[in-house]
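# Close look at the chain arrangement
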2 protein chains.
Amino acid sequence: MNSGLARRAALSWARSRALTPQRLWPVLRARGGVEALLATGEDELSSELRSKDLARAVLRGPEDAEAARWAAGIERTGIRLLTPFDDEYPRLLGEIADPPFVLHALGNVERLRLPAVAIVGSRDASRYGRDVATRLGRELSGVGVTVVSGFARGVDAAAHEAALEGPGGTIAVLGCGLDVDYPREHARLKASLAASQLLLSEYPPGAEPRPQNFPIRNRIIAGLSSGVVVVEASRRSGSLITARLAADFGRDVFAVPGSVFSPTSVGAHELLRDGAILCRGAEDVLAELFPSVGAPRRPSAAESLPSLELSPEARRIFDVLRREEGLSAEDLARALDLPAATVLASLFELEGAGFAVPAPGGRYGAARR
Amino acid sequence: MNSGLARRAALSWARSRALTPQRLWPVLRARGGVEALLATGEDELSSELRSKDLARAVLRGPEDAEAARWAAGIERTGIRLLTPFDDEYPRLLGEIADPPFVLHALGNVERLRLPAVAIVGSRDASRYGRDVATRLGRELSGVGVTVVSGFARGVDAAAHEAALEGPGGTIAVLGCGLDVDYPREHARLKASLAASQLLLSEYPPGAEPRPQNFPIRNRIIAGLSSGVVVVEASRRSGSLITARLAADFGRDVFAVPGSVFSPTSVGAHELLRDGAILCRGAEDVLAELFPSVGAPRRPSAAESLPSLELSPEARRIFDVLRREEGLSAEDLARALDLPAATVLASLFELEGAGFAVPAPGGRYGAARR
């Protein structure tokens, strides 16, 4: 069939408020494709869609000159428009019940051909959540898996940023137009993503980030991905919607364990109780989804342990820091029964060798590698 | 049958190095009980035990006057000796493959009639592990469940101490004689347990805490308990042995999630991957094991939230502290964009109202209730 025709129809349908993918896809699939749908008589289609107006809107799609002009105008700004009838349209997304009729794409659309995993979580993630997202993002991207997320503050931003460098890279799915700066403080991150990664949205340029957009957007995040990892989520987090959608689509849902005292881990623990796969790191995701990819690159025990050239005191301090978060020099002196001066000298030594990192309030942590 | 006879036999068998419960119970069970066992001919028993000496030792058990004198001597010191043929012997322990022929008991043996759950974990637990053990111990004991543990440093000690006050109380199972002070720094804890709780050991007074005792001791911890909760465990922790034994005995195994960066949570996460039940708190244990007991007593949301009499700043600070661990006043001032003086005043306010607790290094945490 003429795929140009189907594409023109999809662009037209995408502009209609009433012709939602949720409404049209069941009929489109029942008919067996666009060609058959467009060959349906208006009366028959009206009864199937239970609306004369909708049936007319469907049938006149391919001749919608205004939609074609609108699309050409957008594409002149550098945004690509992908419809389910284009080769570049992501295959996994096409398999869900209601794939969007248009994806606005800014950046490298080749990213859509890579294996993809979503990393999602709380906007108000704790440092722990951001650290986990960072390590997962870096390690998945490092082995060629694209990290999909929602461009929000917290977990999303950490995952995108960490994935930037690796071969897998990252895809951000927005709940507003690609030209709308939301959240405002992510303008620089957005520029990086547009330059070498990929930004996607179902919404046209100028569309505001309305709260009701985000659950709808979440189906794209889940739909693009072979699996969804929930890093941190409070009890009513949107990440839980993404996880449920992923499960509905038959994709694997992973959840990262955390402190039982942390409100931001409540949602992830709920998921684990409900059968989500425990995610301790990229290795758990890869083992499940892409067993042939192998383990992520992480420093071996030998590399990650301080070399023998470190002083014995520094080695002891490092062992304690690996076990316990955010200790001050006084804490360490007390715990190890060492003079404060020795502790401070050892911390200086560890920091210089890249094994300890200072934290706010004069505390220290083991470098997480 | 004469239960005094069976008891005398068990006391004799318990004193023999060669007649281990592992060796004797299969024959005892195959025979159908002590009476039948003692009525077996020496030759027949020799072939079943594959040893003439063992068979003789079994058969002369009831007449072992030395064992009877030894037992009387121990009981004069206040230690009770419980054999599987005594009414006080814990029923669940009697159901495992190799219950000990004698339990030395110091304290209140009535504790053995209460529902019991083991809380076990690392000797070198982090503060997180000790905090979890404390809350679990307090909440389980609070609803009448006895907390069983191994009297070690770290998780065990935290669980015992927290359970002391509640109606469930606590049982410590030692890997040495009840009169041996191990670990040395637990002498006071031991005195408390002996006074109102219960100390148990398979080993006679004077027995040293040899490393090989502990895995054998762990079967008693698992055997006494309807379920075992592993709070924190490194990869090769003895707690994992207790968990495996519990699973072998058909008891439920629970594991507490923690930071994926924490080496002391590696073992608990392994267990979760292998099908252990996620334990976020006592409610998860009770729901599984004692659904009729109901939820643990914990302050309601209304009680645990600062009252409206607190200043708005204090409320904001409390919200941050509940999310993130160990922040200093400077961290809080930065995060909330508040003057340092306001933060300090609010922390003082929160501490006074019992909503914040100071931590080492000038940091603060939300009070865990």
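Our subject is the structure that appears above.
So, here is what we can say about the structure in this document. Residue positions within a chain follow its written sequence, with the count starting from 1. Here every chain gets a letter starting at A, and every ligand a number starting at 1, in the order they are written. Only residues with pLDDT of 70 or above have their local features reported here, since the model is predicted, and side-chain atom pairs are shown and tallied only from 80 upward, although totals for entire chains, interfaces and linings are computed over all residues. As a convention, hydrogens and water are excluded, and side-chain values are obtained from all of the structure's heavy atoms.

### A few points about helix H11 (residues 213-224) of chain B
Residue and element names in this part refer to chain B. Definition in use: Only DSSP runs of H or I with at least four residues qualify as helices, and only runs of E with at least two residues qualify as strands; both kinds are numbered from the N terminus onward. Expected span of a helix: the number of residues minus one, times 1.5 Å. Categorising residues by exposure relies on relative accessible area from a 1.4 Å probe, with only protein chains included: less than 20% of the type maximum marks a residue as buried, more than 50% marks it as exposed, and the intermediate range marks it as partly exposed.
For H11, which comprises 12 residues, the first-to-last C-alpha distance of 17 Å matches the rise-based estimate of 16 Å (1.5 Å per residue) to within 8%. Counting buried positions along H11 yields 10 of 12 residues, so the element is predominantly enclosed. Within the span of H11, buried status applies to Asn213, Phe214, Arg217, Asn218, Arg219, Ile220, Ile221, Ala222, Gly223 and Leu224.

### Structural notes on the interface of chain B and chain A
The condition that has to hold: Note on contacts: a residue pair qualifies if any of its non-hydrogen atoms lie within 4.5 Å across the two residues. By buried area we mean how much accessible surface two parts lose on assembly, using a 1.4 Å probe and totalling the loss over both. The salt bridge criterion pairs a side-chain nitrogen of Lys or Arg with a carboxyl oxygen of Asp or Glu, the two atoms within 4 Å. Polar contact is defined as a pair of N or O atoms within 3.5 Å, subject to the rule that within protein one atom must be able to donate a hydrogen and the other to accept it, and that residues adjacent in sequence are counted only when both atoms are side-chain atoms. Each residue gets one label: Ala, Val, Leu, Ile, Met, Phe, Trp, Tyr, Cys and Pro are nonpolar, Asp, Glu, Lys and Arg are charged, and the others, such as Gly, are polar.
Taken together, the contact between chain B and chain A spans 38 residues of the former and 39 residues of the latter. Each partner contributes to the roughly 3000 Å² buried at the junction of chain B and chain A, and carbon and sulfur atoms together form 58% of this total. For the pair chain B and chain A, the interface holds four salt bridges. The closest approach of N and O atoms between Arg280 of chain A and Glu270 of chain B, which form a salt bridge, is 3.6 Å. On the surface where chain B and chain A come into contact, there are six residue pairs in polar contact (both at pLDDT 80 or more). When residues of the side of chain B that touches chain A are traced back to their parent elements, those giving at least two are helix H8 (127-142), helix H13 (266-273), strand E9 (277-278), helix H14 (282-289), helix H16 (312-323), strand E10 (327-328) and helix H17 (329-336) of chain B. A per-element tally of the side of chain B that touches chain A places H8 of chain B first, with five residues. Across the side of chain B that touches chain A, the residue classes tally to 13 nonpolar, eight polar and 17 charged.

### Overview of the sheet that holds strand E1 (residues 80-82) of chain B
Residues and elements named next belong to chain B. In plain terms, the rule: By the convention used here, strands pair only if DSSP detects at least 2 bridges between them.
If you walk across this open sheet you meet the nine strands as E1-E2-E6-E5-E4-E3-E7-E8-E9, and the pairing is mixed. Only two strands of the sheet have a single neighbouring strand rather than two, namely E1 and E9. Here strand E4 (residues 146-149) pairs with strand E5 (residues 170-174) via three bridges, running parallel. If you follow Val148 over to E5, its bridge partner there is Ile171.

### Digging into the side chain of Arg219 of chain A
All names here are of chain A. Looking at the secondary structure, you find Arg219 in helix H11 (residues 213-224). Engagement of the side chain of Arg219 in a polar contact is seen with the side chain of Glu202, the distance being 2.8 Å. For Arg219, the residues in contact, after removing those within four places along its chain, are Pro21, Gln22, Leu93, Ile96, Asp98, Pro99, Pro100, Glu202, Leu245 and Phe249.

### Quick word on the nonpolar core
The line we're drawing: Nonpolar cores are built from buried Ala, Val, Leu, Ile, Met, Phe, Trp, Tyr and Cys residues. Side-chain atoms within 4.5 Å join them into one set.
In terms of nonpolar packing, the biggest core is built from 66 residues, with Leu224 of chain A together with Leu224 of chain B touching the most fellow members. Leave out the neighbours within four places in its chain, and Leu224 of chain A touches Pro90, Leu92, Leu93, Leu112, Ala116, Val148, Ile171, Val173, Leu200 and Arg251 of chain A.

### Looking at the packing of aromatic side chains
Test applied: Between rings of Phe, Tyr and Trp, where Trp is taken as its six-membered ring, a pair exists when centres lie within 6.5 Å; planes separated by under 30 degrees are stacked, by over 60 edge-to-face, and by other angles tilted.
This model, assessed by the stated rule, comprises 10 aromatic pairs over all chains. A ring pair is formed by Trp25 of chain A and Phe101 of chain A, whose centres lie 5.3 Å apart and whose planes are at 10°; its orientation type is stacked. Of this pair, Trp25 of chain A sits in helix H2 (residues 21-31) while Phe101 of chain A is found in the loop between helix H7 (91-94) and strand E2 (103-107), placing the two residues 76 residues apart along the sequence. Phe101 of chain A shares its class with Trp25 of chain A; the two are buried. Residues Phe261 of chain A and Tyr128 of chain B carry aromatic rings whose centres are separated by 5.9 Å and whose planes lie at 90° to one another, so their mutual orientation is edge-to-face. Here Phe261 of chain A, found in the loop between strand E8 (252-255) and helix H13 (266-273), pairs with Tyr128 of chain B, found in helix H8, and the two come from separate chains.

### Considerations on the pattern of salt bridges
Enumeration according to the criterion identifies 41 salt bridges over all chains in this entry. Each of Arg235, Glu270 and Arg273 of chain A together with Arg280 and Asp284 of chain B takes part in one network of salt bridges that share partners.

### A word on the packing of helix H16 (residues 312-323) of chain A against helix H18 (residues 340-352) of chain A
Residues and elements named next belong to chain A. Cut-off, in case you're wondering: To get an axis, fit a line to the C-alpha atoms, keeping to the stretch in contact for a helix; angles then go from 0 to 180 degrees between the N-to-C directions. Angles are sorted into four bins: roughly parallel if under 35 degrees, roughly antiparallel if over 145, roughly perpendicular if 65 to 115, and oblique for all others.
Two elements in contact, H16 and H18, have axes whose closest approach is 9 Å; the angle formed by their N-to-C orientations is 80°. In terms of orientation, H16 lies roughly perpendicular with respect to H18. Here Glu313, Ala314, Ile317, Phe318 and Leu321 of H16 come into contact with H18, specifically with Thr342, Val343, Ser346, Leu347, Glu349 and Leu350. Classifying every residue of the contact of H16 with H18 gives seven nonpolar, two polar and two charged.

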